[in-house]
Amino acid sequence: MGLSLPADHAFAASVHPDVDRTASADPGPSAEEARAVDHDVPGGLQRMAEAVLAERVAEAAEHDPVFADEVAHRVADFTLRGGKRMRPRLLWWAMRACGAADTAAALRLGVALELIQTCALIQDDVMDRSPTRRGRPAVHIALAERLGLPAGSGPGGAFGPSAAVLAGDLALVWADDTVAETCLPPSRRRRITAVWRAMRGEMIAGQYLDLRGQAVGAASATTALRTARLKSALYTVERPLALGAALAGADRRTTDELRAAGRYAGTAFQLRDDLLGAFGDPAVTGKPSGDDIRDGKPTYLLAVARARADAAGDRRAPAVLDRAVGYPGLGDDDLAEVRSVLEATGARAHVEDRARRLGERAAHHLARAVDVEAHAGGRLLDLLAAVAGSRAAPPPGPGSAHPPYRETAAPAPAVAEGGR
């Protein structure tokens, strides 16, 4: 597992079991440590995650060695093998762009965000009956196979998903514990706790609305956007930015502008994820093409296609969608017909344009919140552009300290997981 760290490890000291993390004196933020993490935020996060998770697994072993071996180690390993660490990076650069350098607290909160993501992905795979995740068997499959139970068998089909729900619960508990045990001044703790509580509730509400939409059928464009905002935009972008602002003690205006930037970028993120779910290349997205259509996900893209067809008096397009959306056995020819409807109604072009405009609005609000010409503000601008899948504006000026953002078709790992 690679979870055991030497006692003198730079980050291990902050999670030593003999330290009262809620009452011990905070040594204060170190600008030098923060500058070191600036060069490799995922690396700094990985080291902190190894330290935090080593302690969590040790605690699990005290409960029961079998539980620790089969469940706790798996949750830790899943978290340590995370994707692009987009949420912790957004938190980090929001804090840095607001002028703070509380390295240990920011990295611990970043680990907590990754654990929340672990919970969401494990349980999402159960709900979607997904067999794989990150190129490996999904956790519910792996847990069943660990006991020699084929995933498709009766016992395996019952045990695996049930055990995975518990694994997801464990990740959520660990996330909450990590936040609770992070050294923070009282005023910062109150703000961070409020953001954290809201984020958890929003994420669950969004996932429920997504499940409900699949069960009851087509959703309106308004409902689809609300689900996307709750399920993805808030949890993936807006709340991590708000956590960074709270950690930095940013004022109300700065925080509100950062949240607005995150809201617009996060919504663009989900709209582009919907497009990838219908048109994406599996080699880029990491998931089978058309799965969102087969699963009957009530996306904004489908809602726009139906609304435009109705407005135009087009009876064929809704008939195609009614027949194909939510049908697990949808073949390539039927999928091609659905794609033709999405293009012929103008839904694809409309969603692409809306995502582009949302990305522009995100950059505008970010420029009102922080100095995007400075190093940290520029890095945050680049991140939001990558999330929104668009070229950020305003562009960095000559001599900017951060590398330019290069537009890509899709930041695949982040998009494939972020939309869940």
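Anything mentioned here points back to the structure above.
Keep in mind it's a predicted model, so treat the numbers as computed, not measured. All residue numbers refer to positions counted from 1 along the written sequence of the respective chain. Local features in this predicted model are restricted to residues of pLDDT 70 or higher, and side-chain atom pairs are both shown and tallied only at a pLDDT of 80 or more, whereas totals for entire chains, interfaces and linings draw on every residue. For the side-chain quantities, the full set of heavy atoms in the structure was used; hydrogens and water were omitted.

Thoughts on the side chain of Lys 297
Now for step 1: The helix and strand labels rest on DSSP assignments: H or I over at least four residues marks a helix, E over at least two residues marks a strand, and numbering proceeds from the N terminus. With respect to the helices, strands and loops of the structure, Lys 297 is situated in the loop between α12 (291-295) and α13 (300-311).
Now for step 2: We classify Lys 297 as buried; its relative accessible area is 8%.
Now for step 3: Any N or O atom pair separated by 3.5 Å or less is treated as a polar contact, with the protein-specific requirement of one donor-capable and one acceptor-capable atom, and with residues adjacent in sequence counted only for side-chain atom pairs. Polar side-chain contacts of Lys 297 include one of 3.3 Å to the side chain of Asp 210.
Now for step 4: Working rule for contacts: check all heavy atoms of both residues, and any pair within 4.5 Å makes them a contact. Those residues within four positions of Lys 297 in sequence are excluded, and the remaining contacts are Asp 128, Asp 210, Gln 214, Lys 231, Asp 292 and Leu 302. The rule is simple: take the accessible area with a 1.4 Å probe, protein chains only, and divide by the maximum for that residue type; under 20% is buried, over 50% is exposed, in between is partly exposed.

Comments concerning the packing of helix α4 (residues 86-97) against helix α17 (residues 375-388)
Now for step 1: Relative to each other, α4 and α17 sit at 150°, their axes nearing to 8 Å. Judged by the angle between their axes, α4 and α17 are roughly antiparallel. Relative to α17, the crossing made by α4 is left-handed. Of the residues in α17, those in contact with Met 86, Arg 89, Leu 90, Trp 93, Ala 94, Arg 96 and Ala 97 of α4 are His 375, Ala 376, Gly 377, Arg 379, Leu 380, Leu 383, Leu 384 and Val 387. What counts as an axis is a line fitted to C-alpha atoms, over the stretch in contact for a helix, and the angles between N-to-C directions run from 0 to 180 degrees. Comment on the angle field: the value is read as roughly parallel under 35 degrees, roughly antiparallel over 145, roughly perpendicular from 65 to 115, and oblique elsewhere. Handedness of a crossing follows from how the near helix is turned relative to the far one, being left-handed for an anticlockwise turn of less than a right angle and right-handed for a clockwise one.

Regarding helix α2 (residues 41-63)
Now for step 1: Compared with an ideal rise of 1.5 Å per residue, which puts 23 residues at 33 Å, α2 spans 33 Å between its outermost C-alpha atoms and is within 8% of the ideal.
Now for step 2: A side-chain oxygen of the first residue of α2 lies 2.9 Å from the backbone nitrogen of Gly 43; this N-cap is Asp 40. One less than the residue count of a helix, multiplied by 1.5 Å, gives the span that helix is expected to have.

Considerations on the environment of Leu 384
Now for step 1: The residue Leu 384 is located in helix α17 in this model.
Now for step 2: Between the C-alpha atom of Leu 384 and that of Met 86, which follows or precedes it by 298 residues, the distance is 9.8 Å.
Now for step 3: Not counting residues within four places of it along the chain, the set of residues in contact with Leu 384 comprises Leu 90, Val 237, Leu 241, Ala 261, Ala 265 and Leu 366.

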